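Reading the structure
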Amino acid sequence: MSTILTVILGVLIIIIVAMSQRLFNGPTSYDRMNALGVIGADVILALVIFDAADEGAYMYLDISIAYALLGFICSVILAKYLGGGKTI
Amino acid sequence: MNVLFSLNLQEVIACLFLLAGLVFLIGSAIGMLRLPDFYCRVHASGNSETLGCMLCFIGLMIYEGATFNSLKIGMISLLIFAANPIGSHILGKSAYKNDHPVWTLQAHDAAKVLGMPPTDHSADEPVGNSDQVETEEA
């Protein structure tokens, strides 16, 4: 099981690197925000999988809960800022 | 293949859920890289990313069993289940309210994109964000 979890972690890291291509040279700033959201979700999933794969790991789940909350608030606030502060 | 034969039933079911989720995550990443427009890309990330994350979290909950950690994973999956579609929706709505141009086959030359023989679109009505087209011509 640990082998399969490691393979999934590797694929997640490849996905994150591929998303950083969209993050760095996305045509518009909305694309960059979208790539940031995808990277956030993938990082949360990678943290949870790392917690399941490593027996001695602890506090990774708490960190990923905080990461999910902060990522969502960051996404909403930045979307409103990009929209010029109007009511969305 | 020795890895797969040494698993019990719980781990096999967890593996199936994890691999199904991974398929959706890879599909979402390919869509993010290949689709032509911001709206198409936000569609790819909003739907498939959420489904893939949900399947992976369900697999991890099955793998952990009925423990306190499993409850925490359920909490995180509920957070992602709410936050990911709401974030995509807010981004798309913010872009649409600020007149972000909509990708259409006519405006971007369907023959070049799809490899079809060139057709004459001059008699057709303009499709999509017609305000933008008029301002560009003026």
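Our subject is the structure listed above.
Please read all numbers here as calculations on a predicted model, not as lab measurements.

Here is what the cut-offs are and how they apply
- Residues numbered from 1 in each chain as written.
- Chains lettered and ligands numbered in written order.
- Predicted model: local features only at pLDDT ≥ 70, side-chain atom pairs only at ≥ 80, totals over all residues.
- Heavy atoms only, no water.
- Helix = DSSP H or I, 4+ residues; strand = E, 2+ residues; numbered from the N terminus.
- Rg over C-alpha atoms; globule rule 2.2 N^0.38 Å.
- Buried < 20%, exposed > 50% of the residue type's maximum accessible area, 1.4 Å probe, protein only.
- Areas by Shrake-Rupley, 256 points an atom, 1.4 Å probe, with all protein chains shown as cover.
- Lys, Arg positive; Asp, Glu negative; His and termini not counted.
- Charge placed at Lys NZ, Arg CZ, Asp CG, Glu CD.
- Expected span 1.5 Å × (residues − 1).
- Contact = heavy atoms within 4.5 Å.
- Buried area = accessible area lost by both parts, 1.4 Å probe.
- Salt bridge = Lys/Arg side-chain N within 4 Å of Asp/Glu carboxyl O.
- Polar contact = N/O pair within 3.5 Å; in protein donor to acceptor, adjacent residues only side chain to side chain.
- Phe/Tyr/Trp six-rings, centres within 6.5 Å; stacked < 30°, edge-to-face > 60°.
- Core = buried A, V, L, I, M, F, W, Y, C linked by side-chain atoms within 4.5 Å.

1. Describing the overall build of chain A
When you go through chain A residue by residue, the secondary structure sums to three helices and zero strands. Along chain A, helices (α) and strands (β) appear in the sequence α-α-α when read from the amino end. The globule rule puts the C-alpha radius of gyration for 88 residues at 12 Å, and the 15 Å found for chain A is more than 25% above it. Overall size of chain A, expressed as C-alpha extent along the three principal axes, is 50 × 25 × 15 Å. Burial analysis of chain A (88 residues in total) assigns 45% to the buried set. Put simply, chain A shows about 4400 Å² of open surface, and 72% of that area lies on carbon and sulfur atoms. Each charge class in chain A can be summarised by its mean position, and for the 4 positive and 6 negative side chains these summaries are 28 Å apart.

2. Topic: helix α2 (residues 29-53) of chain A
The terminal C-alpha atoms of α2 of chain A, which comprises 25 residues, lie 36 Å apart, in line with the 36 Å expected from a rise of 1.5 Å per residue. The element α2 of chain A is largely enclosed, with a buried count of 18 among its 25 residues.

3. A word on unusual backbone geometry
In the Ramachandran plot, methionine 59 of chain A falls in the positive-phi region, its phi being about 70 degrees despite a non-glycine side chain. Its identity as a non-glycine residue notwithstanding, aspartate 99 of chain B has a phi of 60 degrees, on the positive side.

4. Details of the interface of chain A and chain B
Taken residue by residue, the interface counts 42 residues in chain A and 43 residues in chain B. For the pair chain A and chain B, the summed buried area comes to about 3800 Å², and 76% of that belongs to carbon and sulfur atoms. On the surface where chain A and chain B come into contact, there are two salt bridges. Between arginine 41 of chain B and aspartate 31 of chain A there is a salt bridge whose closest N-O contact spans 2.9 Å. Our count for the chain A to chain B interface comes out at six residue pairs in polar contact (both at pLDDT 80 or more).

5. Let's talk about the packing of aromatic side chains
Under the counting rule described, the total for this entry stands at three aromatic pairs over all chains. Ring pairs connect the aromatic residues Tyr30 of chain A together with Phe38 and Tyr39 of chain B, which therefore count as one cluster.

6. A short note on the pattern of salt bridges
For the coordinates displayed, the defined rule picks out two salt bridges over all chains. Lysine 72 of chain B is paired through a salt bridge with aspartate 62 of chain A; the nearest N and O atoms lie 3.0 Å apart. One end of the pair, lysine 72 of chain B, is in helix α4 (residues 68-97); the other, aspartate 62 of chain A, is in helix α3 (residues 60-82), on a second chain. By relative accessible area, which is 18% here, lysine 72 of chain B ends up buried. Judged by its relative accessible area of 35%, aspartate 62 of chain A falls in the partly exposed class.

7. Overview of the nonpolar core
One finds Leu45 and Ile49 of chain A together with Phe57, Leu60 and Ile76 of chain B to be the most contacted residues of the largest nonpolar core, which totals 41 residues. Those elements giving two or more residues to this core turn out to be α1 (2-25), α2 and α3 of chain A together with α2 (9-34), α3 (38-64) and α4 of chain B. Leave out the neighbours within four places in its chain, and phenylalanine 57 of chain B touches Ile44, Leu45 and Val48 of chain A together with Ile73, Ile76, Ser77 and Ile80 of chain B. Counting nine residues, the second-largest nonpolar core is a separate cluster that includes Met33 of chain A together with Phe38, Ile90 and Ala95 of chain B.

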